[in-house]
Amino acid sequence: MSKFPEYKHDKSKEWFDRALAAIPSGVYGHLGPSEGLFLPITKWPLLGDRAEGTYFWDVDGNKYIDYMCAYGPNVLGYNDKDVDAAAAAQRKLGDCTTTPSYKMVECAEKLKDVVDIADWAFFMKNGNDATTFSVMCARAHTGKKKMILFRGYYHGASQWTQKADYPGVLPEEVANNIVVPWFDIQALQEAYDSCNGDIAGLIAQPYDHGNFFDNVTATKEQWAAVRKWCDKHGVVLIIDDVRCGFRLDLAGSDHYYGFKADLICFCKALANGYNMSAVCGQEHMKNAASSVTFTGSYWMSAVPFAACIACLDKLEKINAPALFKEKGTKLTEGLIAAGKRHGFDLIASGEPALFYLRIANDDSLMLHQEWVAECVSRGVFITSHHNHFINAALTDEDINLTIEIAEDAFSVVAERHPDLGLTK
Ligand SMILES: Cc1ncc(COP(=O)(O)O)c(C=O)c1O
């Protein structure tokens, strides 16, 4: 018997119907149900009302302990008072103005201080802007054409990051991408030889944190081999730290894995939800970055820069990566043990700060989806096919309650499937 009452989502459904009438897909992209990440859909909130700390409330007033953290931007806790105060003070002075505020310079200087490889920083708005700019820099720097990507990559939603058969994408827009298996030096060499060395750069996440499979962390040796290969061939090494950035290591995830990228892309955790992204680079990439035509209406807005400085200050003060590792480990160990008590083999993979979950009792992911949905409908917001995120506002009490609710959800699923013989 479940100890936690199931949430109702009547208002959420009403709002979603209104959304469908006014917006293609209703709620589109990864925040909505159209990508198939929310199954069964009846158990999920689709529209929210407010958020605070590690929680958000949906339009029906249901409260969630949120392990998606807005898919990353919530790194200190929603509405962090220090970041919000810095942003509010800057808002009084000006935000989107004709000349950029000096805050932009301070923000670049802060990134130079914090990020290991950063000799400079360049700002934009989304992760996709940062990866696209980096690819342009690699081409401008080398005068070469093709890019190497590691299998299962996600670098945003621009045409070049999509696949040839996706709606609206032309084959020629992805024709210069060469996809190779992770850390396969022989495949890198074959890719290089196949185009007579016409390779501008290699862009990769710090480790394989893809969807629908157990995430695979990297080793220092693997990255050292890739760095060496790039150096040998003059290939620009770009780390897409949009998702992992500042959660593994404030100096950059390349630093965490013991190597130096030429360019590194940041976004999500940069300013605790204020809208900005950044590319940091080594000195030898600075001229190329200057030469690329790249700007946007809101890219030099000052409020996010003020928020970013306050966010990075605080992440340093609390030694956030160590905290995230500790909380992520405690949580995943608790979840695995709770699963075991009900006959479930729950696997946690990836780095603890960005843990990925999968119930391994059946390969189809159906049991896993059911369990995730039962957690969500009792107030633990996780998703079934994407990695999760830890934020600094998450307390031990939140973790303990999460494990209790998750255990309840395990018991519900086990009782629903007597044929599997999971219950004791
Ligand atoms: C690794 C990675 N790169 C790039 C992006 C694209 O960022 P954005 O959605 O801000 O454009 C994401 C977004 O989830 C990401 O996880």
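Everything discussed here concerns the structure shown above.
In this report, we go over the structure that sits alongside the text.

Rules and cut-offs
- Residues numbered from 1 in each chain as written.
- Predicted model: local features only at pLDDT ≥ 70, side-chain atom pairs only at ≥ 80, totals over all residues.
- Heavy atoms only, no water.
- Core = buried A, V, L, I, M, F, W, Y, C linked by side-chain atoms within 4.5 Å.
- Buried < 20%, exposed > 50% of the residue type's maximum accessible area, 1.4 Å probe, protein only.
- Helix = DSSP H or I, 4+ residues; strand = E, 2+ residues; numbered from the N terminus.
- Domains from an automatic or database assignment.
- Contact = heavy atoms within 4.5 Å.
- Pairing = 2+ DSSP bridges.
- Axes fitted to C-alpha atoms, helices over the stretch in contact; angles between N-to-C directions.

## Some details on the nonpolar core
Among the nonpolar cores identified, the biggest contains 109 residues, and Trp 223, Phe 246 and Trp 371 are the most heavily contacted of them. The element that contributes the greatest number of residues to this core is helix α10 (residues 302–317), accounting for 9 residues. Taken domain by domain, the makeup of this core includes at least three residues from each of domain 1 (10–66 + 320–420) and domain 2 (81–317). With residues up to four places along the chain from it excluded, the contact list for Trp 371 reads Leu 346, Leu 357, Ile 359, Ile 382, Ala 406, Ala 409, Phe 410 and Val 413. Of all hydrophobic cores here, the second largest spans 25 residues; its members include Ala 130, Cys 137, Cys 265 and Trp 299.

## Some points on the sheet that holds strand β5 (residues 146–150)
Pairing is mixed in the open sheet, where 7 strands are placed in the order β4-β10-β9-β8-β7-β5-β6. Strand pairing shows two members of the sheet lacking a second neighbour, β4 (120–124) and β6 (177–180), which therefore form its edges. Mean inter-strand twist for the sheet, computed between neighbouring axes without regard to direction, equals 20 degrees. As judged from the 4 bridges shared by strand β9 (residues 263–266) and strand β10 (residues 277–281), these two strands associate in the antiparallel manner. Along β10, the bridge assignment pairs Phe 266 with Ala 278. Each of β4 and β10 is contacted by helix α3 (residues 103–114), which is oriented at about 125 degrees to β4, the strand it contacts most. Where helix α6 (residues 185–194) meets the sheet, its contacts fall on β5, β6 and β7 (199–204), and the angle it forms with β6 comes to roughly 155 degrees.

## Looking at the pairing of β4
Counting buried positions over the 5 residues of β4 gives 4, a clear majority of the element. With 5 bridges connecting them, β4 and β10 associate as antiparallel partners. Within the sheet, the bridge partner assigned to Met 124 lies in β10 and is Ser 277.

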